[in-house]
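Residue-level structural notes
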Amino acid sequence: MDFDVLVVGEVRNSKIHSVTYELTSKARELADKLGSEVEVLLLYSRCEDELEDLIYRGADRVLFVKNEELKFFNQEIWTNIVTDVALKRQPYIMLTGATSSGRTFFPAVAAKLNTGLTADCTGLDIEEETNLLLQTRPAIGGNVMATIKTPNHRPQMATVRPRTFRPLPKDESRKGEIVELKPDESLFNVRVKTLRFERDESQNVNIQDADVVVAFGKGIKKPENVKYISELAEALKAAIGASRAAVDAKWIGYPHQVGLSGKVVSPKLYIAAGISGAVQHIAGMQTSEYIVAINKDPEAPIFRIANFGIVGDLFEVIPELTKRIKLEIEKSGGKNK
Ligand SMILES: Cc1cc2nc3c(=O)[nH]c(=O)nc-3n(C[C@H](O)[C@H](O)[C@H](O)COP(=O)(O)OP(=O)(O)OC[C@H]3O[C@@H](n4cnc5c(N)ncnc54)[C@H](O)[C@@H]3O)c2cc1C
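Residues numbered from 1 in each chain as written. Predicted model: local features only at pLDDT ≥ 70, side-chain atom pairs only at ≥ 80, totals over all residues. Heavy atoms only, no water.

Structural notes on the overall build of the protein
- Looking only at helices and strands, the protein has nine helices and 17 strands in total.
- A compact globule built from 337 residues should have a C-alpha radius of gyration of about 20 Å, and the protein, at 22 Å, falls within 12% of that.
- Taking the principal axes of its C-alpha atoms as reference, the protein extends roughly 65 × 45 × 45 Å.
- Excluding contacts between residues fewer than 6 apart, the proportion of contacts in the protein whose partners are at least 24 apart in sequence is 64%.
- On the protein, roughly 17,000 Å² of surface is accessible, and the fraction owed to carbon and sulfur atoms is 49%.
- The protein carries 45 positive and 46 negative side-chain charges, and their two centres are separated by 5 Å. (Helix = DSSP H or I, 4+ residues; strand = E, 2+ residues; numbered from the N terminus. Rg over C-alpha atoms; globule rule 2.2 N^0.38 Å. Contact = heavy atoms within 4.5 Å. Areas by Shrake-Rupley, 256 points an atom, 1.4 Å probe, with all protein chains shown as cover. Lys, Arg positive; Asp, Glu negative; His and termini not counted. Charge placed at Lys NZ, Arg CZ, Asp CG, Glu CD.)

Laid out in structure tokens, this is it:
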């Protein structure tokens, strides 16, 4: 169809990465506005998840390429195959996650297809009058939100940070197709060979998967005070997040940074303690389900997006909160719900 949306998904450690479901959900919304279809492309050597799940969550067609050469991410192979699929299927819009691999191969695909690419979008929509893709992303250090269009070239391409959109709930009555693609052998014939993959354990903090994040900012004043946050996080079985100011001060490592130049998180509960709520911080946590802010300044911008605000000194509020939570957990027989 003329207006199809193609999502290039990701399989990591043999599992479909959550960003694939998030983008499929957004692609469904865009395709419904355009009266078109959603295709999801996956490249992998092994996938333990059911591909039908993508159909239940919004796709019309799942295209997959299964090949041992796809065991490790290789920029050239991904670029070759995705470009080939795009040329054959002529999608109107192409989306992928702004993950390290997405950020690497998608610009190369855009260059090969001679089209534009908007990286790191936080919003996508269809312009009613023109049917063009509206690609919104923070610009000028996050101080403005820029909406970008690609009026003259196709496809319209965008990368989106993980956790920006919510996956659709599973609807097992949805029907679709699963199609294996067999790209030409020559597309695997590249100059770079990946020999092995080694994880950097020092970056092994996954605040993006946590249901609860307790985050702190400059208001914590000195590194010794991080203990107040750690105690609350421990009681709530939460991950610890931080503002860039706290990370720049070296009070905690970069993997904990939430925001425009850090990670985007979308937990069920986000507690922001001593964080002013700069636009660049908010860009990384505004999709959290429930936001609690603790700040001694009643005018702090964080209160504008908080569901629940506590105006007070965090050194009084946090220990009291930790005490009460521990008490409640004790009362419920040790169950942390
Ligand atoms: C290009 C660019 C990218 C950026 N990326 C990011 C990013 O990814 N993440 C990010 O966070 N920032 C980012 N920033 C920086 C951002 O603009 C802010 O400077 C930063 O978020 C401020 O951090 P903060 O809220 O901890 O500090 P501050 O703005 O100094 O706020 C500290 C807050 O603590 C409160 N406070 C002080 N004492 C107490 C107390 N005892 N009890 C309760 N509250 C107290 C104060 O009222 C204040 O609101 C970026 C900036 C730029 C230009």
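Details of the pattern of salt bridges
- Evaluation of the coordinates by the stated rule reveals 28 salt bridges.
- A salt bridge links R166 to E289; its shortest N-O distance comes to 3.8 Å. With R166 in the loop between β11 (156–160) and β12 (177–180) and E289 in the loop between α7 (279–282) and β16 (290–295), this pair connects stretches of sequence that are 123 residues apart.
- Given the relative accessible area of 43%, R166 is considered partly exposed.
- Overall, the relative accessible area of 48% leaves E289 in the partly exposed class.
- Measuring nitrogen to oxygen at the nearest pair gives 3.7 Å for the salt bridge that ties K323 to E320. One end of the pair, K323, and the other, E320, are both in helix α9 (residues 314–331), three residues apart, so they sit about a helical turn from each other.
- One continuous salt-bridge network, built from bridges that share partners, spans E37, E39, R61, R89 and E177. (Salt bridge = Lys/Arg side-chain N within 4 Å of Asp/Glu carboxyl O. Buried < 20%, exposed > 50% of the residue type's maximum accessible area, 1.4 Å probe, protein only.)

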